[in-house]
Amino acid sequence: MIVHTDYLWFNTKKRQEFIRVTDQVAAIVKASGVADGTVLVSAMHITSGVYVNDWEEGLINDFQVWLEKLAPSGLDYQHHRTGEDNADAHLKRQIMGREVVCAITKGRLDFGPWEQIFYGEFDGHRNKRVLVKVIGE
Amino acid sequence: MIVHTDYLWFNTKKRQEFIRVTDQVAAIVKASGVADGTVLVSAMHITSGVYVNDWEEGLINDFQVWLEKLAPSGLDYQHHRTGEDNADAHLKRQIMGREVVCAITKGRLDFGPWEQIFYGEFDGHRNKRVLVKVIGE
Amino acid sequence: MIVHTDYLWFNTKKRQEFIRVTDQVAAIVKASGVADGTVLVSAMHITSGVYVNDWEEGLINDFQVWLEKLAPSGLDYQHHRTGEDNADAHLKRQIMGREVVCAITKGRLDFGPWEQIFYGEFDGHRNKRVLVKVIGE
């Protein structure tokens, strides 16, 4: 059994930004030596997330418009009484998800034709980490 | 350590359809020989998902009405400028989820009384796959 | 390879209640003896969930207000023709999530500074279980 851990760092220029990380995760999978198993890719901050969906700029824009509609910024959230202004980012991350677990088969991410892993930042401008944990044999 | 992989295929007649797959997953778990571990059940396409919830036709209809309200089809999504017409399917799958990780104890899915695994199709009429990866001992 | 299983029980006084369970999960991780691996924390009932987010009462209230807006109780859901009155709880749990998979490194939950695990109850007043499955070495 092999367990291999690595971390990715992000510091986005925009408050909200979705960044494709499939290649970085694939490289960590390769470095782990795991041929058959799974990889956990998980945001370590609670105003960001990780999801799998399409690598298409129009759809990425659609996601952002949609999330703003479902979980608007600028409302009078109780969380803001602490001095924070990012309650919407906590809500948006619940829609998009904190983590994904992806399969590894024959040493590679066992993905369908359009699956891409994304880091979803909902409250950027600061250092944030994503954990990558490979388990298998 | 045992790692066992299998795939389920779907080609739904309706654009949106939720299909119970608990029995197929349980059969793969049994075939794996894993007595204690987990099973990842994951859509390999980005307009479908996998979720655990109730096997009750009324609720399944409620989910579909609700998803259409939260992520309507037919809007002027940017994704449609590529020629696609299924942006809503990408959004709906984020709500319902891409994958589930289920526990295996004593050789069986370690489920509560009402847990059932479903394949959620949001843009059907074509061949799609779900990956099942069993890990344990 | 170590696989270790435990369960947490809940019986909330309120219909909807979010309960921090990080310490209980950390204790199970410690008891498992796993130094490097993952832990699955999963609701075993379909009107409750498990999620990771902020331990801040204002935000917890914001989540509850927001979920009521996205998935209102008291609507004429088809599920209620079975005699149930909790369709909204099934919907709310899809937003918040059924399970989380958390990393274990050096014998501890490998968490960012603000990550906390919560049990999310959407239809309380009865005994419910959460499964905790630790896998690693």
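For clarity, every value in this text was computed on a predicted model and none was experimentally measured. (Residues numbered from 1 in each chain as written. Chains lettered and ligands numbered in written order. Predicted model: local features only at pLDDT ≥ 70, side-chain atom pairs only at ≥ 80, totals over all residues. Heavy atoms only, no water.)

(A) Molecular detail of the sheet that holds strand β2 (residues 17-20) of chain B. Residues and elements named next belong to chain B. The strand order across the open sheet formed by three strands is β2-β7-β4, and the pairing between neighbours is antiparallel. The strands lining the two open edges of the sheet, one partner per strand, are β2 and β4 (48-53). Sheet twist, expressed as the average angle between the axes of neighbouring strands with direction ignored, equals 30°. Sheet analysis places β2 next to strand β7 (residues 116-121), joined by four bridges and oriented antiparallel. Residue Glu17 lies in a different strand from β7, and its bridge partner there is Glu121. (Pairing = 2+ DSSP bridges. Helix = DSSP H or I, 4+ residues; strand = E, 2+ residues; numbered from the N terminus. Axes fitted to C-alpha atoms, helices over the stretch in contact; angles between N-to-C directions.)

(B) Quick look at the relation of the copies chain C and chain B. Under the fitted operation, chain C is carried onto chain B by 0.0 Å of movement along the axis and a turn of 120°, and the coordinates agree to an RMSD of 0.0 Å. A rotation of that kind, with that shift, is consistent with a three-fold axis. Residue Ile95 of chain C of chain C places its C-alpha closer to the rotation axis than any other residue of that unit, at 3.4 Å. (Least-squares fit on C-alpha atoms with pLDDT ≥ 70 in both.)

(C) Here's a closer look at the packing of helix α2 (residues 57-70) of chain A against helix α3 (residues 87-96) of chain A. All names here are of chain A. At a closest axis distance of 10 Å, the pairing of α2 and α3 adopts a crossing angle of 120°. On the basis of their axis angle, the class for α2 and α3 is oblique. The chirality of how α2 crosses α3 is right-handed. Side by side, α2 and α3 meet where Phe63, Trp66, Leu67, Glu68 and Leu70 of the first sit next to Lys92, Ile95 and Met96 of the second. When its residues are assigned to classes, the contact of α2 with α3 shows six nonpolar, no polar and two charged. (Parallel < 35°, antiparallel > 145°, perpendicular 65-115°, else oblique. Left-handed = near helix turned anticlockwise from the far one by under 90°. Contact = heavy atoms within 4.5 Å. Nonpolar A, V, L, I, M, F, W, Y, C, P; charged D, E, K, R; others polar.)

(D) Seen up close, the pattern of salt bridges. Within the structure shown, the criterion is met by 30 salt bridges over all chains. A salt bridge links Lys128 of chain A to Glu121 of chain A, with the shortest nitrogen-to-oxygen separation between them at 2.8 Å. For the pair Lys128 of chain A and Glu121 of chain A, a shared accessibility class is recorded, and that class is buried. Asp88 of chain C is the partner of Arg15 of chain C in a salt bridge, and the nearest nitrogen-oxygen pair spans 3.1 Å. Taken as a pair, Arg15 of chain C in the loop between β1 (2-10) and β2 (17-20) and Asp88 of chain C in helix α3 (residues 87-96) lie far apart in primary sequence, 73 residues in all. Its relative accessible area of 28% is what places Arg15 of chain C among the partly exposed residues. Note on Asp88 of chain C: relative accessible area 0%, which makes it buried. Taken together, the shared-partner salt bridges in this structure form one network comprising Arg15, Glu68, Asp88, Lys92, Asp123 and Arg126 of chain A. (Salt bridge = Lys/Arg side-chain N within 4 Å of Asp/Glu carboxyl O. Buried < 20%, exposed > 50% of the residue type's maximum accessible area, 1.4 Å probe, protein only.)

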